[in-house]
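# Structural features, examined
Listed below are the residues making up each chain.
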Amino acid sequence: MSTVLPVHEDTSALDRVRALESEYLLQNYARYPLVLDRGKGCYVYDTSGKRYLDFITGIGVNALGHAHPRLVKLIREQAGRMLHSSNLYYHAYQGPLAERLAKASGLRRTFFCNSGTESMEGALKMARAHGHKIDSEKFEIVALHNSFHGRTLGALSITGQEKYRRDFEPLLPGARFVPPNDEIALEQVVNEHTAGIVIEWIQGEGGIFPMSIEYVRKARELADRYDALLVFDEIQCGVGRVGKHFAYQLSDPVVLPDVMVAAKPLACGIPLGVIVANDRAAQSIGSGMHGSTFGGGPLACRVALEFMDILDELLPHIDRMGCYFRAKLEELQKQFHFIREVRGHGLMVGVELAFPGKQLVLDAIEQGLLINCTHETVLRFLPPYIATEKEIDRAVSILKRLFKLAAKRDDVN
Ligand SMILES: Cc1ncc(COP(=O)(O)O)c(C=O)c1O
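Residues numbered from 1 in each chain as written. Predicted model: local features only at pLDDT ≥ 70, side-chain atom pairs only at ≥ 80, totals over all residues. Heavy atoms only, no water.

Grouped together as the largest cluster of nonpolar side chains are 102 residues, with contacts concentrated most on Phe55 and Phe403. Per element, the largest residue contribution to this core is 17 residues, and it comes from helix H11 (residues 298-335). (Core = buried A, V, L, I, M, F, W, Y, C linked by side-chain atoms within 4.5 Å. Buried < 20%, exposed > 50% of the residue type's maximum accessible area, 1.4 Å probe, protein only. Helix = DSSP H or I, 4+ residues; strand = E, 2+ residues; numbered from the N terminus.)

Laid out in structure tokens, this is it:
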């Protein structure tokens, strides 16, 4: 018989959840001490009923916050109709969603899968197959130091952070790493053996580091010169997060990739990943060369279609709120010398501290604010797209309180 955990209980719920998980789960996660139970709008509630302002949104997934009425209605309706159909048959939603993605991205053909890392695997296969058609020695993938592309072996092979890779080596051959925003280094490594160049426009796990537009233009130029595929990883920075459909649309004129991968917010919590490619890249994958059992099911695609409708209206709001939030954080930077930098675009924001941020994240939880820390010293904020000045003011006032406390702690000064 399974052990069902009671909800709406006091802190002992945490102890029980922890005990059970420590006995039966792989011990790979270091979770924060919080058992979440439900959410509404920009807030989530733990099992004791305590409310938290959610400025991390399941690491950028819950773009419309929690229990958005339009999504709740649609999910209920679709659950009573059909959850899964496989890719043996057609259903009504993949085509329209692929059309939407084509219009929003400027690319043409979509493949549906279930997660970020899976979309990156598919993009790597595309680059490999593209190279293979030209020359059997054309299989190298150029990626950036400090990048993060996922946990499966292919995505891991091109993730530019040793700590994620080292336990699993040897990984895919042919990964070549270069420092971000260094055009000369890129020029030195890209050559006729390069099948693909993979770039996050804004490195997320790497500490919210944006690429310069000149750098990405150089990558485009080199990919064209050597007939390689330029792949943008928009898993964290894409699908509205920066106030554009995709982060590469921050450039003007737009630097288009050959392949773009996205996931996290696309179906607002129902797993869905995509590879969107131009015809040149898409033709490298022929019949039977790739597939997925779950990918692009009717529920996920329908939710994503509804989300894309809502997103069109939200984009200017995301941009405005992002400016407002960063301006408020820059005011805090003037008051606290240990804030080194405020970075980001739209509602993808990082605050680099002069010390490790883990304790501040725990203190924030205590104060009713969910954020996280990446790259050791960077507080990361991925608020829901529906956040307004009211929620931002609340988050900033909690942060101010925490920074005041941190300033008094010895280790900071
Ligand atoms: C830029 C980027 N790429 C890939 C991934 C992997 O996505 P997933 O965890 O859905 O496999 C992530 C996840 O954080 C990411 O931020």
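Past the structure itself, the notes keep going.
Let us now look at the side chain of asparagine 372. By the secondary structure assignment, asparagine 372 is in strand E16 (residues 372-374). You can call asparagine 372 buried: its relative accessible area is 12%. The contacts of asparagine 372, once residues within four sequence positions are left out, are Tyr32, Ile56, Val361, Val378, Leu379 and Arg380. (Contact = heavy atoms within 4.5 Å.)

Here we come to the sheet that holds strand E14 (residues 348-353). Strand order in the open sheet formed by four strands is E13-E14-E17-E16, with antiparallel pairing between adjacent strands. Both edges of this open sheet fall to strand E13 (339-345) and E16, since each of them pairs with a single strand only. Going across the sheet, the axis of each strand differs from the next one's by a mean of 30°, ignoring polarity. Across three bridges, the pairing between E16 and strand E17 (residues 378-381) is antiparallel. Across the sheet, the residue bridging to asparagine 372 is arginine 380, located in E17. Here H11 sits on the sheet and contacts E13, E14 and E17; the angle it forms with E13, its principal contact strand, is near 175°. (Pairing = 2+ DSSP bridges. Axes fitted to C-alpha atoms, helices over the stretch in contact; angles between N-to-C directions.)

Looking now at the packing of aromatic side chains. Per the stated rule, a full pass over the model turns up 11 aromatic pairs. On the numbers, 5.9 Å between centres and 90° between planes, the contact of tryptophan 201 with phenylalanine 232 is edge-to-face. Within this pair, whereas tryptophan 201 is found in the loop between strand E7 (194-199) and strand E8 (202-203), its partner phenylalanine 232 is found in strand E10 (residues 229-233), the two being separated by 31 residues in sequence. An aromatic cluster is built from Trp201, Phe232, Phe246 and Tyr248, whose rings are joined through pairwise contacts. (Phe/Tyr/Trp six-rings, centres within 6.5 Å; stacked < 30°, edge-to-face > 60°.)

Before going further, it helps to examine the site of the ligand. If you check the shell around the ligand, you find Ser115, Gly116, Thr117, Phe148, His149, Gly150, Glu200, Glu205, Asp233, Ile235, Gln236 and Lys264 and nothing else. In this structure, phenylalanine 148 approaches the ligand through a main-chain N or O atom, which is 3.3 Å from a nitrogen atom. Take lysine 264: an N or O atom from its side chain is 3.0 Å from an oxygen atom of the ligand. Alone, the ligand offers 380 Å² of accessible surface; in the complex the protein occludes 83% of this. Grouping the constituent residues of the shell around the ligand by class yields two nonpolar, six polar and four charged. (Near = heavy atom within 4 Å. Polar contact = N/O pair within 3.5 Å; in protein donor to acceptor, adjacent residues only side chain to side chain. Areas by Shrake-Rupley, 256 points an atom, 1.4 Å probe, with all protein chains shown as cover. Nonpolar A, V, L, I, M, F, W, Y, C, P; charged D, E, K, R; others polar.)

Before going further, it helps to examine the pattern of salt bridges. It is possible for side chains of opposite charge to pair when their charged atoms get near one another. Across all of its chains, the model carries 25 salt bridges by this definition. Between arginine 100 and aspartate 309 there is a salt bridge whose closest N-O contact spans 2.8 Å. Here arginine 100 is found in helix H4 (residues 94-105), whereas its partner aspartate 309 is found in helix H11, with 209 residues between them in sequence. Classification of arginine 100 as partly exposed rests on a relative accessible area of 22%. In this structure, the salt-bridge partner of glutamate 221 is lysine 218, at a minimum N-O distance of 3.5 Å. A residue pair is termed a helical-turn pair when its members lie 3 or 4 positions apart in one helix, as glutamate 221 and lysine 218 do in helix H9 (residues 213-225) at three residues. The exposure class assigned to glutamate 221 is partly exposed, which follows from its relative accessible area of 39%. Through salt bridges with shared partners, a single network forms among Arg220, Asp224, Asp227, Asp258 and Arg280. (Salt bridge = Lys/Arg side-chain N within 4 Å of Asp/Glu carboxyl O.)

The mixed open sheet is built from seven strands, whose spatial order is E4-E12-E11-E10-E7-E5-E6. Where the open sheet ends on each side, the last strands, each with one partner, are strand E4 (109-113) and strand E6 (175-178). Averaged over all adjacent pairs, the angle separating strand axes in this sheet is 20°, with direction ignored. Sheet topology places strand E11 (residues 259-262) next to strand E12 (residues 273-277); four bridges connect them, and they run antiparallel. Along E12, the bridge assignment pairs alanine 262 with valine 274. Its contacts with the sheet put H9 on strand E5 (140-144), E6, E7 and E10, and the angle it makes with E7 is roughly 165°.

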